[in-house]
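# Results of the structural survey
Here's the letter readout for the chains.
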Amino acid sequence: MIAIGGVIGAGLFVGSSTGIATAGPGILLSYALVGTLVVLVMRMLGEMSAANPASGSFSAHADRALGRWAGFSIGWLYWFFWVVVLAVEATAGAGILHGWVPGVPQWAWALIVMSVLTATNLVSVGSYGEFEFWFAGIKVVAIGAFIVIGLLAVFGVLPGVHADKASFGNLTDHGGFLPHGPGAILTGVLLVVFSFMGSEIATLAAGESEDPRRAVTKSTNSIIWRIGVFYLGSILVVVSLLPWNDASIKKEGSYVAALDSLGIAHAGQIMNVIVLTSVLSCLNSGLYTASRMAFSLGQRGDAPKAFARTTSRGVPLAAILASVVFGFVAVFFNYAYPKTVFLFLVNSSGAVALFVWLVICFSQLRMRKIIQREAPEKLVVKMWLYPYLTWATAGLIVFVLGYMLTDTKGESSGRTTVLLSLLVATGVVVIALVRQRVRQGRAVGTAAERP
């Protein structure tokens, strides 16, 4: 259920309206392109994680395949990404709750939400899994119901509803399938790529399951239908129920506008509940993911040793608390300095998802040879058309990063995001290389002192 829910983020509900307005029905191709990219990356990660399940997942694999500097760098960048996400999602959730109960200040709701989910993560990994099971269940049921209801309306067989605008003709009748030209597909990619971040959480959680190899294999093998149904299926329904240029899509949000077009009462509040569930799910998973990455870094000596210590319930207390503290600090910056410090944090972590996927590609190229040499029987999941498809995937990721540099609109433009993320990544890599050089120097010195 964590694997299923992991690909359904709040970004799907909140961000899809901008993508539809930008690319029209062609946004389906944007989602399909990014979805294919994620499927390929997850296949590579599944190959490595099924052979060597580890709490650090791709960071641990990069450590072994590319060197300590790579595991250190991508691990800390990924941790940084998720603690910033904690602040973003806590603020989003607080905004929804404040709208329902305006008597409680928004900052207080953010504090309450963060505190409750911190408590669940501190109890045991089982409590995290239990919460995520129900969060994911609500999201899956909601999107499943949305798709079924929407398709019935499009085919004109939904009882009691007369949807005048619903038709598959909406895919081509309003300026064509690509009203803004083929280039809009790539622009759409930039808008939707980050809503897919989180797919890799299943491989992190699998490391703490009873049968890691089986859990990883199942989650990576099922990602094709998960993306096909939940992303492509639901977006297809949205652009079929309403013309892509309908003003309500941008004003109310794509899913709310689609439900409203069917005359479903309280559609906005229904969607707010679903978005809040997605926000809480993302917070829950983000805290778990950040703390487990910190735990893995601590185990490998790349973070304070306290991060690698666990309670009697197997919970990495220090790693969780450190992640929460940084998350709280980021929430404070969001309220105190939203246009300066917090904007920098968001922009400088924005391209980390693509960096992670790129490192997974290069790690798999090296790790396949290591596994084949040392334990070929562990290759229970194999990347398709290795190594050609791996190189093609890496090339596509580099292309997307390059295309982002052409986007110069707004404070969070693609160019700003890539450049600031590269700046932070470069700083982390330099620290990693310096640490590695110092360690090697100490090792040589120690060896020379021996008689």
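Rules behind the numbers
- Residues numbered from 1 in each chain as written.
- Predicted model: local features only at pLDDT ≥ 70, side-chain atom pairs only at ≥ 80, totals over all residues.
- Heavy atoms only, no water.
- Core = buried A, V, L, I, M, F, W, Y, C linked by side-chain atoms within 4.5 Å.
- Buried < 20%, exposed > 50% of the residue type's maximum accessible area, 1.4 Å probe, protein only.
- Helix = DSSP H or I, 4+ residues; strand = E, 2+ residues; numbered from the N terminus.
- Contact = heavy atoms within 4.5 Å.
- Patch = residues over 30% accessible without salt bridge, like charges linked within 9 Å, V, L, I, M, F, W, Y side chains within 5 Å.
- Areas by Shrake-Rupley, 256 points an atom, 1.4 Å probe, with all protein chains shown as cover.
- Salt bridge = Lys/Arg side-chain N within 4 Å of Asp/Glu carboxyl O.
- 1 Å grid on protein atoms, 1.4 Å probe; cavity = no way out; pocket = protein on both sides within 12 Å on 5 of 7 lines; lining within 4 Å.
- Points joined across faces, edges and corners; volume = space filled by probe spheres on them.
- Nonpolar A, V, L, I, M, F, W, Y, C, P; charged D, E, K, R; others polar.
- Phe/Tyr/Trp six-rings, centres within 6.5 Å; stacked < 30°, edge-to-face > 60°.
- Lys NZ or Arg CZ within 6 Å of the ring centre and 35° of its normal.

Time to look at the nonpolar core. Among soluble globular proteins, nonpolar side chains are generally buried collectively. Grouped together as the largest cluster of nonpolar side chains are 138 residues, with contacts concentrated most on Tyr-78, Trp-82, Trp-357, Ile-360 and Ile-397. If one sorts the elements of this core by residue count, helix α5 (residues 68-100) sits on top with 19 residues. For Trp-357, the contacting residues outside a window of four places in its chain are Leu-37, Val-38, Val-41, Val-193, Phe-196, Met-197, Glu-200 and Ile-397.

Mapped onto the elements, Gly-93 comes out in helix α5. Taking relative accessible area as the criterion, Gly-93 reaches 1% and is therefore assigned buried. C-alpha of Gly-93 to C-alpha of Thr-36: the two residues are 57 residues apart in sequence and 30 Å apart in space. When neighbours within four sequence positions are excluded, Gly-93 is seen to be in contact with Leu-276 and Val-279.

Attention shifts here to a nonpolar patch on the surface. Taken together, the side chains of Val-148, Leu-152, Phe-155, Val-157 and Phe-168 define a hydrophobic patch exposed on the protein surface, amounting to about 450 Å² of accessible area. Judged by its relative accessible area of 32%, Leu-152 is partly exposed.

Our next topic: unusual backbone geometry. Backbone torsion omega between Tyr-386 and Pro-387 reads 0°, so that peptide bond is classified as cis. Following the sequence through the fold, Pro-387 ends up in the loop between α17 (352-374) and α18 (388-404). The backbone of Ser-57 sits at a positive phi, close to 45°, despite the residue not being glycine. One can find Ser-57 in the loop between α3 (27-51) and α4 (58-65). Since its relative accessible area comes to 0%, Ser-57 is described here as buried. Of note, the phi angle at Leu-385 is positive, near 50°, even though the residue is not glycine. Along the chain, the position of Leu-385 falls in the loop between α17 and α18. Residue class for Leu-385 comes out exposed when judged on its relative accessible area of 63%.

This part covers empty space enclosed by the protein. This model, assessed by the stated rule, comprises one cavity of 30 Å³ or more. In this model, the largest cavity occupies a volume close to 40 Å³. Every residue lining the largest cavity is listed: Leu-86, Met-114, Leu-117, Thr-118, Leu-283, Leu-287 and Val-324. If you list the elements that add at least two residues to the lining of the largest cavity, you get α6 (106-123) and α14 (267-299). The element contributing the most residues to the lining of the largest cavity is α6, with three residues. When the residues that make up the lining of the largest cavity are grouped by side-chain class, the tally is six nonpolar, one polar and no charged.

All chains considered together, the criterion is met by 19 aromatic pairs. For the ring pair Phe-81 and Trp-82, a centre distance of 5.2 Å and an interplane angle of 85° mean the geometry is edge-to-face. Pair check on accessibility: Phe-81 and Trp-82 agree, each one buried. One aromatic cluster is present, built from ring pairs that chain together Phe-58, Tyr-78, Phe-81 and Trp-82. One Lys or Arg, Arg-368, reaches over the ring of Tyr-386 and ends 4.3 Å from the middle of that ring.

What the rule picks out here adds up to seven salt bridges. A salt bridge links Asp-63 to Arg-68; the shortest N-O distance between them is 3.5 Å. On the basis of relative accessible area, Asp-63 is assigned to the buried category, the value being 12%. Judged by its relative accessible area of 32%, Arg-68 is partly exposed. The salt bridge partner of Lys-165 is Asp-246, with a shortest N-O separation of 2.7 Å. Placement of Lys-165 in the loop between α7 (125-154) and α8 (183-192) and of Asp-246 in the loop between α11 (223-241) and α12 (247-252) is noted, with a sequence separation of 81 residues between them. Residue Lys-165 is classed as partly exposed on the basis of its relative accessible area, which comes to 45%. What makes Asp-246 buried here is its relative accessible area of 14%. One network of salt bridges, with partners in common, ties together Asp-63, Arg-68, Arg-300, Asp-302 and Arg-435.

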